[in-house]
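The residues making up each chain are set out below.
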Amino acid sequence: MIMKLKKRALYFGMAPMLAGAILPPVPAHAAATPALKQEVLAEVEAQRKQIQVMVDQIFSFGEPGFQEIRTSEYLISILEENGFKIERGIAGVPTAFTATWGEGGPKIALGSDIDGLVGISQVPGIADIKPLTEGASGHGEGHNSGMPLMVAAAIAAKHVMQKHGIKGRLMLWPGVAEELLGTKAYYVRAGVFKDVDASIFAHVNTGFGTGWGDLGLTGMISVEYEFKGKTAHSATSPWEGRSALDGVELMDVMWNFRREHLPLSQRSHNVITNGGGQPNVVPDKASSWYYFRQSDFASLRDLYRTGNDVAEAAALATGTKVTRNVLGFAAPNYGNKPLAEALYANIKVVGMPQWSAADQAFAGAVQTRNRLKVQALPTTIAPLSTPQTRGGASFGGSDDIGDVMWTVPTVTVLYPANIPNVIFHHSTAAMAMATPIAHKGTEAGAKAVAMTILDIATTPKLVADAKAWFRDVQLKEQAYDPLIAPTDMPAINRNARTMAQIRPAMEAQYYQPDKYDSYLQQLGIDYDASGRESAGVVR
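Rules of the game
- Each chain carries its own residue numbering, running from 1 in the written order of its sequence.
- Residues qualify for local features only when their pLDDT is at least 70, as the model is predicted, and side-chain atom pairs are given and counted only at 80 or more; totals for whole chains, interfaces and linings, by contrast, use all residues.
- As a rule here, side-chain values come from all non-hydrogen atoms in the structure, and water together with hydrogens is ignored.
- Here a helix means four or more residues in a row that DSSP labels H or I, a strand means two or more in a row labelled E, and each is numbered from the N terminus.
- Here the radius of gyration uses the C-alpha set of atoms, whereas the globule reference equals 2.2 Å times the residue count to the power 0.38.
- Only protein chains enter the calculation, and the probe is 1.4 Å; a residue is then buried if its accessible area is under 20% of its type maximum, exposed if over 50%, and partly exposed in between.
- Residue contacts are defined here by distance: any two heavy atoms, one from each residue, within 4.5 Å place the two residues in contact.
- Only four residue types enter the charge count: Lys and Arg as positive, Asp and Glu as negative, with His and the chain ends excluded.
- For this purpose, a charge sits on NZ of Lys, CZ of Arg, CG of Asp or CD of Glu.
- DSSP-based pairing: two strands are paired if at least 2 bridges between them are found.
- Between the N-to-C directions of two axes lies an angle of 0 to 180 degrees, each axis being a line fitted to C-alpha atoms and, for a helix, fitted only over the stretch in contact.
- Planes of paired rings set the category: under 30 degrees apart is stacked, over 60 is edge-to-face and the rest tilted, where pairs are Phe, Tyr or Trp rings (Trp by its six-membered ring) whose centres lie within 6.5 Å.
- What makes a nonpolar core is a set of buried Ala, Val, Leu, Ile, Met, Phe, Trp, Tyr and Cys residues whose side-chain atoms join them at distances within 4.5 Å.
- Identification of polar contacts relies on pairs of N or O atoms within 3.5 Å, with a donor-acceptor requirement for protein atoms, meaning one able to donate a hydrogen and the other able to accept it, and with residues adjacent in sequence counted only if both atoms are side-chain atoms.
- An angle counts as roughly parallel when it lies under 35 degrees, as roughly antiparallel when it exceeds 145, as roughly perpendicular when it falls between 65 and 115, and as oblique in every other case.
- In this analysis, the expected span of each helix is defined as 1.5 Å times one less than the number of residues it contains.
- For salt bridges, the criterion is a side-chain nitrogen of Lys or Arg within 4 Å of an Asp or Glu carboxyl oxygen.
- Scored from 0 to 100, pLDDT records how confident the predictor is in each individual residue.

Visitor: Describe the overall build of the chain, listing the residues and the values that go with them.
Guide: A tally of helices and strands in the chain yields 17 helices and 12 strands. For 539 residues, the compact-globule estimate of 2.2 N^0.38 gives 24 Å, and the C-alpha radius of gyration of the chain, at 24 Å, lies within 12% of that figure. A principal-axis box enclosing the C-alpha atoms of the chain has dimensions of 80 × 60 × 40 Å. When the 539 residues of the chain are sorted by exposure, 60% land in the buried category. Within the chain, residue pairs in contact and separated by at least 24 positions form 83% of the contacts whose partners lie at least 6 positions apart. Side chains of the chain carry 49 positive and 51 negative charges; the gap between the two charge centres is 2 Å.

What follows is the structure in structure tokens.
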């Protein structure tokens, strides 16, 4: 995910509250009965093995943004087997889909991200940095667990709804290329959420919680500037050329000078994606990829406009031309209060997973071996995160679930499937993501979501309250203002060349659940020993 998840953990901090083992009285606007919730909890528990297999299988695929081919087809096959109707290629994105079931009642969207990160291949269950496949992508943020959570929750809720004749429509969808902020604004533009009544999103974390209001995640636009000049011999006739690379470099310098005079709330950073061919040829093409982030729509639009002005100035100064290509967009994140309160009531019921001694030992080994702060896996849930508890904090990062949040009432569940203080977008964040820690945390999240689905399906007042709060509170603060133009399209070819080269080697590492009980078993990893020996063992 674009934001660093330890920052998410900050605004969901840990509360000194032990999870309850008995279902408490039902909140006023959440009318699903305790009996129904006990049934759906049992339905999730019945899928424990399937959750483990899904988490491990998707981890082994390790596919980056827009190349989640095996991951999507795998999820589709499970959903089709369980009676969901599939629509592929939504919003023009080949690896995107919707899976729907039900009729009548409220329509509930259930989503999570599925993409990995380029260059973050990592063997799970060991505390040393060691790639599964050298140079390959991997799940250094834990996106292999979110859709398994949603699939398990949806199947469990579907069984209970069918048994008791509860009306409602479920729509599952994957977040494709979230690390590139690449698709959700396009989903919204294509009308994927046009008739959704309530939306639940899931993201991996080290704690267990949710929140409402401005969540402190910035809006962002991802844009690549391409400069075009004229080639010439760099030694014999450089005056005949116009260097596109000069344009790129001058924009970088100019932006860094301008940065001093920008609001503190902004974040901006870039990489040069094309710097030319060879030194003795004046580059006629060069490009730089920027992320611009701001805390609200209006400020983001101003920041983007400033970036465009600087690009044009750099082109003018170097005698080149510049064009820009929008690659992605993310709106600021804003959680729905009634949905968050209903979800949080269910999180309190589920409580934290029961960690084993091996789980705690492995977490400590990862932290110690990689010189991270040593902190045990948490045993208490996080408090409900509110504007008051956050104190107006801004966390710099972005997540394109914000576009859905400004389209329909939406809440995010953060579930405890990773180790405290790992570095996200780094190999340490992948070490636990095909271990019992990830399996248990994903199951806990699925239980909370499944119960919340029943709350929404059985309680018209909860739906009405969520919509009223969305309309009368959230939209009074800001209006949805996406920066993508009608001509902008998803960058579906990103990572294609990389995957064409590396996929054959990655395929040799795919999990074979028909042969091995777990991915760790397939890899020959002794999970119990990995904690005791502080580095992990690969036999």
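Having seen the model, we can carry on.
Visitor: Can you tell me about the sheet that holds strand β2 (residues 97–103), naming the residues and giving the values?
Guide: Read across the open sheet, the six strands follow the order β1-β2-β4-β3-β5-β12; overall the sheet is mixed. Lying at the two open borders of the sheet, with one neighbouring strand each, are β1 (85–88) and β12 (410–416). If you compare each strand with its neighbour and ignore which way they point, the axes differ by 20° on average. Bridge count between strand β5 (residues 198–205) and β12: seven bridges; the pairing is parallel. Across the sheet, residue Val204 finds its bridge partner in β12, namely Tyr415. Strand contacts of helix α4 (residues 69–81): β1, β2 and β4 (168–175), with the helix running at about 155° to β1, the strand carrying the most contacts. Where helix α9 (residues 337–350) meets the sheet, it contacts β5 and β12, and its direction lies at approximately 25° from that of β12.

Visitor: Go over the packing of aromatic side chains, please, and point to the residues and values.
Guide: Per the stated rule, a full pass over the model turns up 17 aromatic pairs. Where Phe61 meets Tyr74, the ring centres are 6.1 Å apart and the plane angle is 80°; that geometry is what we call edge-to-face. In this pair, Phe61 sits in helix α3 (residues 48–61) while Tyr74 sits in helix α4, placing the two residues 13 residues apart along the sequence. Taken individually, Phe61 and Tyr74 each receive the classification buried, so the pair is uniform in this respect. An angle of 85° between the planes, with centres 5.9 Å apart, marks the rings of Trp173 and Tyr187 as edge-to-face. With a gap of 14 residues between them, Trp173 in strand β4 and Tyr187 in helix α6 (residues 184–189) connect regions that are remote in the sequence.

Visitor: Break down the nonpolar core for me, with residues and values.
Guide: Counting residues in hydrophobic clusters, the biggest one holds 168 residues, and the most contacted among them are Leu172, Phe193, Phe208, Tyr225, Phe227 and Ile453. The residues contacting Ile453, other than those within four sequence positions of it, are Ile108, Leu110, Ala153, Ala154, Ala157, Met161, Leu170 and Ile200.

Visitor: Tell me about the side chain of Thr318, and please be specific about residues and values.
Guide: Secondary-structure assignment places Thr318 in helix α8 (residues 297–318). At a separation of 2.9 Å, a polar atom in the side chain of Thr318 contacts the side chain of Thr320. Ignoring sequence-local partners within four residues, the contact set of Thr318 consists of Arg242, Ser243, Asp246, Gly247 and Leu250.

Visitor: With reference to specific residues and values, describe the packing of α4 against helix α5 (residues 146–164).
Guide: Interhelical geometry of α4 versus α5 gives an angle of 5° and a closest axis separation of 11 Å. Judged by the angle between their axes, α4 and α5 are roughly parallel. Along its contact with α4, which presents Leu75, Ile78 and Leu79, the element α5 presents Met147, Val151 and Ile155.

Visitor: Give me the lowdown on helix α7 (residues 244–259), citing residues and values where you can.
Guide: The end-to-end C-alpha distance of α7, which contains 16 residues, comes to 23 Å, matching closely the 22 Å that a straight helix rising 1.5 Å per residue would cover. On its buried face, α7 sits against β7 (219–228), β8 (267–274), β9 (285–294) and α8. The N-cap residue of α7 is Ser243: its side-chain oxygen and the backbone nitrogen of Leu245 are 3.2 Å apart.

Visitor: Give a detailed account of the environment of Trp212, specifying residues and quantitative values.
Guide: For Trp212, the position within the fold is in the loop between β5 and β6 (213–214). Distance in space between the C-alpha atoms of Trp212 and Ala340 is 6.0 Å, their sequence separation being 128 residues. For Trp212, the contacting residues outside a window of four places in its chain are Gly335, Asn336, Lys337, Ala340, Leu384, Ser385, Thr386, Pro387, Gln388, Arg390 and Trp469.

Visitor: Lay out the pattern of salt bridges with the relevant residues and their values.
Guide: Applying the stated criterion across every chain, the model contains 23 salt bridges. The closest approach of N and O atoms between Glu443 and Arg48, which form a salt bridge, is 2.7 Å. Pair noted here: Glu443 is in helix α13 (residues 436–458) and Arg48 is in helix α3, with a separation of 395 residues, a long-range link. Take Arg48: its relative accessible area is 46%, and that puts it in the partly exposed class. In this structure, the salt-bridge partner of Asp481 is Arg301, at a minimum N-O distance of 2.8 Å. A residue pair is termed long-range when its members are at least 10 positions apart, and Asp481 in the loop between α14 (460–477) and α15 (496–507) and Arg301 in helix α8 qualify at 180 residues. Look at Asp481 and you get partly exposed, because its relative accessible area is 25%. The class for Arg301 is partly exposed, based on a relative accessible area of 31%. Members of the salt-bridge network, linked through shared partners, are Glu45, Arg48, Glu443 and Lys447.

Visitor: Lay out the environment of Ala313 with the relevant residues and their values.
Guide: Within the element layout of this structure, Ala313 appears in helix α8. The partly exposed category is assigned to Ala313, whose relative accessible area is 29%. Separated by 66 residues in sequence, Ala313 and Gly247 place their C-alpha atoms 9.0 Å apart.

Visitor: Outline the confidence of the model for the chain, supporting the account with residue identities and numerical values.
Guide: Looking at the chain as a whole, its pLDDT mean stands at 93, while 93% of the residues score no less than 70. Low confidence marks residues 24–28, where pLDDT is under 50. Its contacts with residues over four positions away, or in another chain, come to five contacts. With pLDDT under 50 throughout, residues 535–539 is counted as low confidence; its partners more than four residues away or in other chains account for 20 contacts.

Visitor: Let's hear about the pairing of β2: which residues, and what values?
Guide: Where β1 meets β2, four bridges bridge the pair, whose relative direction is antiparallel. When the sheet's bridge partners are listed, Glu87 is paired in β2 with Thr98. Here β2 pairs with β4 via five bridges, running antiparallel. Bridged to Gly102 within β4 is Arg169.

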